[in-house]
Amino acid sequence: MVTSFLSRFIRPFSSATAPPLGAGMAVPENAQKATLAAGCFWGVEHLFRKQFAKEGLLDVQVGYIGGESDSPTYRAVCTGDTGHAEAIQVLFDPTQTSYESLLKFFYRMHDPTTPNRQGPDMGTQYRSAIFYHDDEQHKAARKITDAVNEKWYEGKVATEIVKAGKWWGAEEYHQKYLDKNPRGYECPAHFIRDFPAL
């Protein structure tokens, strides 16, 4: 576990960024984006791909959002000085899965009660956040967050709900990281919690 954790910081750093979300695919006109931060983006991406692969998920990209600098790199974001969160951007077909379903899963698969932390990963880059893209998403995020805060987390949810700003796709080697590195680091706070239906 310690070896896997340390490998996050000592492996080579590449500056090659990933292609845009949905690149090279026929994207339906009604496709929507969801942008979520829940700690180390490797495990978040992996769990969302597994959960929604046959339920309207078109693409997922890991990247950075919510910071102040342009063209952030993994190394810079890891310092905590850029203000960016490690996040995922999900491209989905709303006729097959809803934004609300993505949010409910988001709240099941990480711990939203620990500000700027998931398991051993600490820093603002590991914060829990929903970055909404329009008024409908904002309303849905508030509604779902209020419900899970009351029914699942005893009023302790610390998740930020903020308007999505500039998205920066992470370096290519981070995309589908756990598919390429099955024994790679997974945050121990990333697992699906068994809660009653909302």
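Up top is the structure.
Worth saying up front: this structure is predicted, and the values here are computed from it rather than measured. (Residues numbered from 1 in each chain as written. Predicted model: local features only at pLDDT ≥ 70, side-chain atom pairs only at ≥ 80, totals over all residues. Heavy atoms only, no water.)

Draft legend 1. Fine view of the sheet that holds strand E8 (residues 168–169). Here six strands make up an open sheet; going across it, the order is E7-E6-E1-E3-E2-E8 and the pairing mixed. With one partner strand each, in any of the chains shown, strand E7 (160–163) and E8 form the two edges of the open sheet. As paired elements, strand E1 (residues 32–38) and strand E6 (residues 128–132) share four bridges and run antiparallel to each other. Across the sheet, alanine 38 pairs through a bridge with serine 128, a residue of E6. The strands touched by helix H2 (residues 41–52) within the sheet are E1, strand E2 (57–65) and strand E3 (85–92), with E2 carrying the most contacts at an inclination of about 165°. (Pairing = 2+ DSSP bridges. Helix = DSSP H or I, 4+ residues; strand = E, 2+ residues; numbered from the N terminus. Contact = heavy atoms within 4.5 Å. Axes fitted to C-alpha atoms, helices over the stretch in contact; angles between N-to-C directions.)

Draft legend 2. Seen up close, the state of the cysteines. Tallied over the entire structure, the rule returns zero disulfides. Here cysteine 78 is not cross-linked by a disulfide; its sulfur's nearest cysteine counterpart is in cysteine 40, at 8.6 Å. Between cysteine 187, a free cysteine, and cysteine 40, which holds the nearest cysteine sulfur, the sulfur-to-sulfur gap is 7.0 Å. Residue classification places cysteine 187 among the buried residues on the basis of a relative accessible area of 3%. (Disulfide = S-S within 2.5 Å. Buried < 20%, exposed > 50% of the residue type's maximum accessible area, 1.4 Å probe, protein only.)

Draft legend 3. Fine view of the side chain of serine 128. Following the sequence through the fold, serine 128 ends up in strand E6. In this structure serine 128 touches Ala37, Phe106, His110, Pro112, Ala158, Thr159 and Glu160, once residues within four positions along its chain are discounted.

Draft legend 4. How the structure looks around helix H5 (residues 135–151). An ideal rise of 1.5 Å per residue puts 24 Å on 17 residues; H5 measures up with 24 Å between its terminal C-alpha atoms. When we look at burial in H5, the residues that qualify are Gln137, Ala140, Ala141, Ile144, Thr145 and Val148. Seen from one end, H5 has its buried residues packed into an arc of 125°, which puts them on one side. Exposed positions of H5 whose direction lies more than 90 degrees from the buried face are Asp135, Lys139, Lys143, Asp146 and Glu150. Among the structural elements, E1, helix H4 (99–109), E6 and E7 are those in contact with the buried residues of H5. Where H5 begins, the side chain of aspartate 134 points an oxygen toward the backbone nitrogen of glutamate 136, at a separation of 3.1 Å. (Expected span 1.5 Å × (residues − 1). Arc of directions from axis to C-beta. Polar contact = N/O pair within 3.5 Å; in protein donor to acceptor, adjacent residues only side chain to side chain.)

Draft legend 5. Examining the packing of H2 against H4 more closely. Two elements in contact, H2 and H4, have axes separated by 11 Å at closest approach and are oriented at 130°. Relative to H4, the element H2 lies oblique. The way H2 lies across H4 gives a crossing that is right-handed. Between H2 and H4, the residues in contact are Val44, Leu47, Phe48, Gln51 and Phe52 and Ser101, Leu102, Phe105, Phe106 and Met109, respectively. (Parallel < 35°, antiparallel > 145°, perpendicular 65-115°, else oblique. Left-handed = near helix turned anticlockwise from the far one by under 90°.)

Draft legend 6. How the structure looks around H4. Counting buried positions along H4 yields eight of 11 residues, so the element is predominantly enclosed. Along H4, the residues that are buried comprise Tyr99, Leu102, Leu103, Phe105, Phe106, Tyr107, Arg108 and Met109. Summarising the contacts, the buried residues of H4 are in contact with E1, H2, E3, E6 and H5.

Note that every value here comes from positions in space, so none of it alone points to a role or purpose.
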